[in-house]
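Residues per chain, in single letters:
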Amino acid sequence: MPDRPHAEPLPYAPLRLEDYDISPTHGFLPAEPPLRRLPDPYYAPWEHIMDRFNHYLLGHHIRRLMPVLGTDRLSTQAEYRRAFTVLSFLAHAYVWGRGGAAAEPALQFLPASIAVPWVAVSDFLELNPVVCCAAVCHWNWQVLDEDAEDPMALDNLGTLHTFSGSMDESWFYLVTTAIEAKCARGLTAILAATAAAERDAIDDVTEALGHMAHALAEANAILERMYERCDPYVFYWKIREFLAGWENMAEAGLPYGVLYEGVDDIRAFGLDSWPALIRRFRKYAGGSAAQTPLLQAFDIALGIKHYPTGQRGLQSTVAEMRHRTKAQDISEAPPANSYLVRMRDYMPGGHRRFLEDLAATCRIREYVLLACSDSLLHMGGRSDPRVRLREAYNSCIGLMESFRNKHMMMVTRYIIAPAKMGPALPHQKCPAAAPDASDGTSAASAASAAAAAAAAAAAAMPARECPLQGGRMGGDSLPADPTMYPQTNTAAAAAAAAAAAAAAAHSEADAQGKGRLARKLGDGSVARGTGGTDAIQFLKQVHSETARSKVPRHVV
Ligand code: HEM
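Conventions used here
Residues numbered from 1 in each chain as written. Predicted model: local features only at pLDDT ≥ 70, side-chain atom pairs only at ≥ 80, totals over all residues. Heavy atoms only, no water. Helix = DSSP H or I, 4+ residues; strand = E, 2+ residues; numbered from the N terminus. Buried < 20%, exposed > 50% of the residue type's maximum accessible area, 1.4 Å probe, protein only. Contact = heavy atoms within 4.5 Å. Polar contact = N/O pair within 3.5 Å; in protein donor to acceptor, adjacent residues only side chain to side chain. Phe/Tyr/Trp six-rings, centres within 6.5 Å; stacked < 30°, edge-to-face > 60°. Core = buried A, V, L, I, M, F, W, Y, C linked by side-chain atoms within 4.5 Å. Salt bridge = Lys/Arg side-chain N within 4 Å of Asp/Glu carboxyl O. UniProt positions renumbered as here; feature names shortened; annotations may be inferred. 1 Å grid on protein atoms, 1.4 Å probe; cavity = no way out; pocket = protein on both sides within 12 Å on 5 of 7 lines; lining within 4 Å. Points joined across faces, edges and corners; volume = space filled by probe spheres on them. Nonpolar A, V, L, I, M, F, W, Y, C, P; charged D, E, K, R; others polar. Expected span 1.5 Å × (residues − 1). Axes fitted to C-alpha atoms, helices over the stretch in contact; angles between N-to-C directions. Left-handed = near helix turned anticlockwise from the far one by under 90°. Disulfide = S-S within 2.5 Å.

A few words on the overall build of the protein. Scanning the protein for helices and strands turns up 21 helices and four strands. Counting every position in the protein, which comprises 556 residues, the buried fraction comes to 56%. Of the contacts made within the protein by residues no fewer than 6 positions apart, 78% connect residues no fewer than 24 positions apart.

For the rest of this paragraph, the subject is the side chain of Ser-88. Structurally, the position occupied by Ser-88 is in helix H3 (residues 77–96). A distance of 2.7 Å separates a polar side-chain atom of Ser-88 from the backbone oxygen of Phe-84. The contacts of Ser-88, once residues within four sequence positions are left out, are Trp-118, Val-130, Val-131, Ala-135 and Phe-163.

The next subject is the packing of aromatic side chains. One pass over the structure, following the stated rule, counts 21 aromatic pairs. Here the aromatic rings of Phe-28 and Phe-354 are separated by 6.2 Å at their centres, their planes lie at 65 degrees, and the arrangement is edge-to-face. Pair noted here: Phe-28 is in the segment before helix H1 (44–51) and Phe-354 is in helix H15 (residues 349–361), with a separation of 326 residues, a long-range link. Residue Phe-28 is classed as buried on the basis of its relative accessible area of 2%. When its relative accessible area of 0% is taken as the criterion, Phe-354 is described as buried. A ring pair is formed by Tyr-236 and Trp-237, whose centres lie 4.9 Å apart and whose planes are at 85 degrees; its orientation type is edge-to-face. Accessibility expressed as a relative area gives 2% for Trp-237, which makes it buried. Taken together, the ring pairs connect Phe-84, Trp-118, Trp-139, Tyr-260 and Tyr-284 into an aromatic cluster.

Bringing the nonpolar core into the picture now. Within the largest apolar cluster, 143 residues are counted, with the highest numbers of intra-cluster contacts made by Trp-96, Leu-110, Leu-209, Met-212, Trp-246 and Phe-354. Element by element, the count of residues in this core is highest for helix H17 (residues 385–421), at 14 residues. Formed by five residues, the second largest nonpolar core is a distinct cluster that contains Tyr-256, Trp-274, Leu-277 and Phe-281.

Evaluated as defined, the whole model comprises 17 salt bridges. Across the pair Asp-203 and Arg-388 runs a salt bridge, and its minimum N-O distance is 3.6 Å. One end of the pair, Asp-203, is in helix H8 (residues 202–224); the other, Arg-388, is in helix H17, with 185 residues separating them in the sequence. Classification of Arg-388 as partly exposed rests on a relative accessible area of 28%. Across the salt bridge formed by Arg-386 and Asp-384, the nearest N and O atoms sit 2.3 Å from each other.

This part takes up the UniProt feature "binding site: heme b" (unreviewed entry) in the protein. The sites that carry the UniProt feature "binding site: heme b" (unreviewed entry) are, in the present numbering, His-407. Note that His-407 resides in helix H17. Residue class for His-407 comes out partly exposed when judged on its relative accessible area of 28%. Beyond its immediate sequence surroundings of up to four residues, His-407 is in contact with Leu-223 and Leu-539.

On to empty space enclosed by the protein, then. Inspection of the entire model under this criterion finds four cavities of 30 Å³ or more. Every residue lining the largest cavity is counted, 41 residues in all, and those nearest its centre are Ser-288, Ala-289, Ala-290, His-407 and Val-411. Of all the secondary-structure elements, those providing two or more residues to the lining of the largest cavity are helix H5 (133–138), helix H6 (167–182), helix H10 (232–243), helix H12 (293–302), helix H14 (338–342), H17 and helix H21 (535–547). Broken down by element, the lining of the largest cavity gets its largest block of residues, seven residues, from H17. Of the residues belonging to the lining of the largest cavity, the class tally is 27 nonpolar, 10 polar and four charged.

This part covers the environment of Arg-365. Checked against the element boundaries, Arg-365 lands in helix H16 (residues 364–371). The sequence separation of Arg-365 and Glu-169 amounts to 196 residues, and the corresponding C-alpha distance is 38 Å. Within the structure, the side chain of Arg-365 is placed 2.8 Å from the side chain of Tyr-393, a separation counted as a polar contact.

Time to look at helix H4 (residues 112–125). In an α-helix there are 3.6 residues to a turn, and that puts residues three or four apart on one side. Relative to the 20 Å expected for 14 residues at 1.5 Å per residue, H4 spans 19 Å between its end C-alpha atoms, a close match to the ideal helical length. All of the buried residues in H4 are Ser-113, Ile-114, Ala-115, Pro-117, Trp-118, Val-119, Val-121, Ser-122 and Leu-125. Immediately beyond the C-terminal end of H4, within one or two residues, lies Glu-126, with a positive phi of roughly 65 degrees.

Quick look at the packing of H6 against H10 now. At a minimum axis distance of 10 Å, the contact between H6 and H10 shows a crossing angle of 65 degrees. Here H6 and H10 pass one another in a crossing that is right-handed. Contacts from Asp-168, Glu-169, Phe-172 and Tyr-173 in H6 reach Val-234, Phe-235, Ile-239 and Leu-243 in H10. Residue classes in the contact of H6 with H10 are distributed as six nonpolar, no polar and two charged.

The next thing to look at is unusual backbone geometry. Unusually for a residue other than glycine, Asp-200 sits at a positive phi of about 60 degrees. Of note, Asn-248 is a non-glycine position whose phi angle comes to about 55 degrees, a positive value. Tracing the chain through its elements places Asn-248 in the loop between H10 and strand S4 (259–260). Take Asn-248: its relative accessible area is 60%, and that puts it in the exposed class.

Here we come to the environment of Met-152. Among the structural elements, Met-152 can be located in the loop between strand S2 (141–143) and strand S3 (157–159). For Met-152, a relative accessible area of 10% gives the class buried. In this structure, the C-alpha to C-alpha distance between Met-152 and Ile-179, residues 27 residues apart in sequence, is 9.4 Å. In this structure, Met-152 is in contact with His-26, Leu-29, Trp-141, Val-143, Leu-157, Ala-178 and Ala-181, ignoring residues within four places of it in sequence.

With that out of the way, let us pick up the state of the cysteines. All told, the structure shown has zero disulfides when counted by the stated rule. As a non-bridged cysteine, Cys-137 has Cys-133 as the owner of its nearest cysteine sulfur, 4.2 Å distant. Exposure remark for Cys-137: the relative accessible area of 5% places this residue in the buried category. Cys-396 provides the cysteine sulfur closest to Cys-183, a residue in no disulfide bond, and the two sulfurs are 11 Å apart. Residue classification places Cys-183 among the buried residues on the basis of a relative accessible area of 1%.

Below you can see the structure in the form of structure tokens.
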């Protein structure tokens, strides 16, 4: 092993995926398909609602049909996961599934019948009681043809539940599910590369990096398929709202978050102690694929560091590692991106611990940097194992960069563009995807490039078909029809919210509840992810930190 920048090598013990509830074949998905129902008939009332979930949501029944059930009859991990998914759907339908014609605002009080079992199940699984990637993507799938050559291929998967009942929503979840399944071998490769680096087995590190690259290439290919079956209009106006959490949601009618009745005792509070009561409201970010441990595992494995948003941090080069060694500040961990760290609270406990333990044991990037350091050895041609090592490592970085580039364009098309266009628009045509700018030179402006490409595609479309040309067919030129999609009709929604605010007892909360997560954004407004980030600023930084992690030809 090349010299470490640390005075003493850290003790190394190989990690085993099974110890973290990770499957060698399915990665962060369970190895067996998730339960379709809870076996104990005691839970029939929940399952009965789930059998007719979309009908009940459509008919505004979810707010009325809530039995109170305990969790002591759940026994296996699979049952707890099923319960978590069921309760997540019920809870978010309850809070966001407004009564007829946008007449009701989001609800700030979650009844004990949902809150009590949901918190108990969440405690067991060690994650926050709010919808998350695990609930809708990891524990919400089925295999269509079990004899298929690749049972976990995207086209062979179905969802168990959706909020909207649309194929678009199923596809949105299943793209993530299929990526998780395909990358399972990448996790095994990460552990193999880590162990090989410890043994100083350079060819084995290179080979394992090759397997990691293979997994990442598959993830890239699957990600691109999002456009096939998920319409940006449907995503933005029909699906996304249900995935919202209750943090930074004042504009959507939840200024304090949500109060979990029966869990966070409110009996002691009268109306005169409203300030004390609102401190008991819970605030959680909404569901986002940022909650998958997968990308964080690859970041850790490759030593890609993410710094607080708005800060440009050091990516360790050999010189920097040495400088920091001299400065004796290596024990001080660099500041991390707090959003990404916080997203770990939305992952099951085992997966979160895997990331922590991987970070404590994985030294692949250091190994590559030190092996390729000029001061140690002069790099030869392709026959030089260090050249192949660097290439294999950089190819992984390039694929991570490409994934983030594609993802950023996706966010532009699925969030930024619909938010700018407004709801009263036809959604038959999407602008062509912008080319992948992952060569590292134009990546930093990927989002604006995507927006420009979208605008160019829009300009080329006939006026009547073009959803992007606001002057002719755009949101501003079409009067909003209050009878159509009242949930997302800004005029109707604003009127309904104003009426609700006037009628409500807690005037401050309701006065702010005039907007929606899905709404048209004016110029200069920031588009936020369901996780609450300033989406593009955050994603641009994460992308450029990835691009900067490549190991240059001459390491000094
Ligand atoms: C229509 C598709 C998608 C949209 C609109 C979207 C949107 C977003 C947004 C807005 C963020 C910023 C964090 C937040 O506030 O939520 C984010 C982060 C993230 N998303 Fe997505 N996402 C999509 C699909 C996916 C898929 C399929 C994956 C893959 C598993 C994924 C993985 C991630 C990751 C890992 C992050 C954290 C940032 C990073 O590590 O690069 N997303 N996404």
